[in-house]
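# Chain and residue survey
In case you want the letters, here they are:
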Amino acid sequence: GAGVSQSPSNKVTEKGKDVELRCDPISGHTALYWYRQSLGQGLEFLIYFQGNSAPDKSGLPSDRFSAERTGGSVSTLTIQRTQQEDSAVYLCASSLAWQEAFFGQGTRLTVV
Amino acid sequence: AQSVAQPEDQVNVAEGNPLTVKCTYSVSGNPYLFWYVQYPNRGLQFLLKYITGDNLVKGSYGFEAEFNKSQTSFHLKKPSALVSDSALYFCAVRDTIGSSNTGKLIFGQGTTLQVKP
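I will try to describe carefully the structure that is included in this document. A quick note: this is a predicted structure, and the numbers were derived from the prediction, not measured.

The rules behind each value
- Residues numbered from 1 in each chain as written.
- Chains lettered and ligands numbered in written order.
- Predicted model: local features only at pLDDT ≥ 70, side-chain atom pairs only at ≥ 80, totals over all residues.
- Heavy atoms only, no water.
- Buried < 20%, exposed > 50% of the residue type's maximum accessible area, 1.4 Å probe, protein only.
- Helix = DSSP H or I, 4+ residues; strand = E, 2+ residues; numbered from the N terminus.
- Pairing = 2+ DSSP bridges.
- Disulfide = S-S within 2.5 Å.
- Phe/Tyr/Trp six-rings, centres within 6.5 Å; stacked < 30°, edge-to-face > 60°.
- Lys NZ or Arg CZ within 6 Å of the ring centre and 35° of its normal.

### Things to note about the pairing of strand β5 (residues 43-50) of chain A
All names here are of chain A. For β5, a buried count of seven out of eight residues is recorded, marking the element as mostly surrounded by other parts of the structure. Across seven bridges, the pairing between strand β4 (residues 31-37) and β5 is antiparallel. Within β5, the position partnered with Tyr-33 by the bridge is Tyr-48. Two successive antiparallel strands, β4 and β5, enclose a turn made up of five residues, where Gly-40 displays a positive phi of approximately 65°.

As structure tokens, this is what we get:
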């Protein structure tokens, strides 16, 4: 596709359930990023993949959060045992190494 | 570690007037700097970047930014604001891994721009 694609666009889940959020980056982009954004707030860094290097996981808020990037392309962010404070918009982006990143439209996660 | 600051939560300007959204950074080495815009209920859109070269960088929608190394600033500017420019603006700097600028993007807190008719 022409841009970064995220799915689902909206997800409502019950507290305690696990969720998976998917990101399809722009083809050929070596770097992939996950951020989250609470309503009207700034961007909170979660995790960063760059080529074959070990991912930068320094932003993951707890061990309930994990992410993988398969084959250097698609990425899945998994949140286990969701809590209400996990409610936010989860944004994925991709880039060519150190160039500008392009963002998807995000997944709005609501934990009820 | 790299960091970036946007000292103003909100900037108000009248349509037709020039606008400035401020950004300062702290880096070790040469900074890779970016501006993004977020319209309501939308994802982030890339506006412009400074990697190297001319200190005045031109970007999308008539925006420009001036890189000032001595003041460690990268302010976003536009000569004549439009109501449609009203949005949330983010400055970002690329983190370094060793000596190379290939780390994650570090974002400022964001500045809400309100342009009034």
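### Some thoughts on the state of the cysteines
Inspection of every chain in the model, using the stated rule, returns two disulfides over all chains. The disulfide that involves Cys23(A) links it to Cys92(A), with 1.8 Å between the sulfurs. Taking the sign of the torsion about the S-S bond as the criterion, the disulfide between Cys23(A) and Cys92(A), at about -70°, is left-handed. Note that Cys23(A) is positioned in strand β3 (residues 19-24) and Cys92(A) in strand β8 (residues 88-95), a separation of 69 residues in sequence. Here Cys23(A) and Cys92(A) have matching classes, each one buried. The disulfide partner of Cys23(B) is Cys91(B), and the S-S distance across this bridge is 2.0 Å. As the torsion about the S-S bond is roughly -65°, the Cys23(B)-Cys91(B) disulfide counts as left-handed. Of this pair, Cys23(B) sits in the loop between β3 (19-21) and β4 (24-26) while Cys91(B) sits in strand β10 (residues 87-94), placing them 68 residues apart in sequence. Among the residues examined, Cys91(B) registers a relative accessible area of 0% and is labelled buried.

### Quick look at the pairing of strand β2 (residues 10-14) of chain B
Residues and elements named next belong to chain B. On β2, burial follows the alternation: Val-11 and Val-13 on one face are buried, whereas Gln-10, Asn-12 and Ala-14 on the facing-out side are not. The sheet contact formed by β2 and strand β12 (residues 111-116) spans five bridges and is parallel. Opposite Ala-14, over in β12, you have Lys-116 as the bridge partner.

### So, the packing of aromatic side chains
This model, assessed by the stated rule, comprises 15 aromatic pairs over all chains. Geometrically, the ring pair formed by Tyr33(A) and Tyr35(A) is stacked, given 6.3 Å between the ring centres and 20° between the ring planes. Given the relative accessible area of 0%, Tyr33(A) is considered buried. Here Tyr35(A) falls in the buried class, since its relative accessible area comes to 1%. Aromatic pair Phe103(A) and Phe107(B): ring centres 6.0 Å apart, planes at 75°, arrangement edge-to-face. Of the two residues, Phe103(A) sits in strand β9 (residues 102-103) while Phe107(B) sits in strand β11 (residues 105-107), which places them in two different chains. Accessibility classification places Phe103(A) together with Phe107(B) in one group, the buried group. Within the aromatic cluster, the residues linked to one another by ring pairs are Tyr33(A), Tyr35(A), Phe45(A), Tyr48(A), Phe102(A), Phe103(A), Tyr36(B), Phe46(B), Phe90(B) and Phe107(B). If you follow Lys78(B) out to its NZ or CZ, it ends over the ring of Phe63(B), 5.0 Å from the centre. The ring of Phe45(A) has Lys104(B) lying over it, and the distance from NZ or CZ to the ring centre is 5.0 Å.

That's the geometry; what it means functionally is another story.
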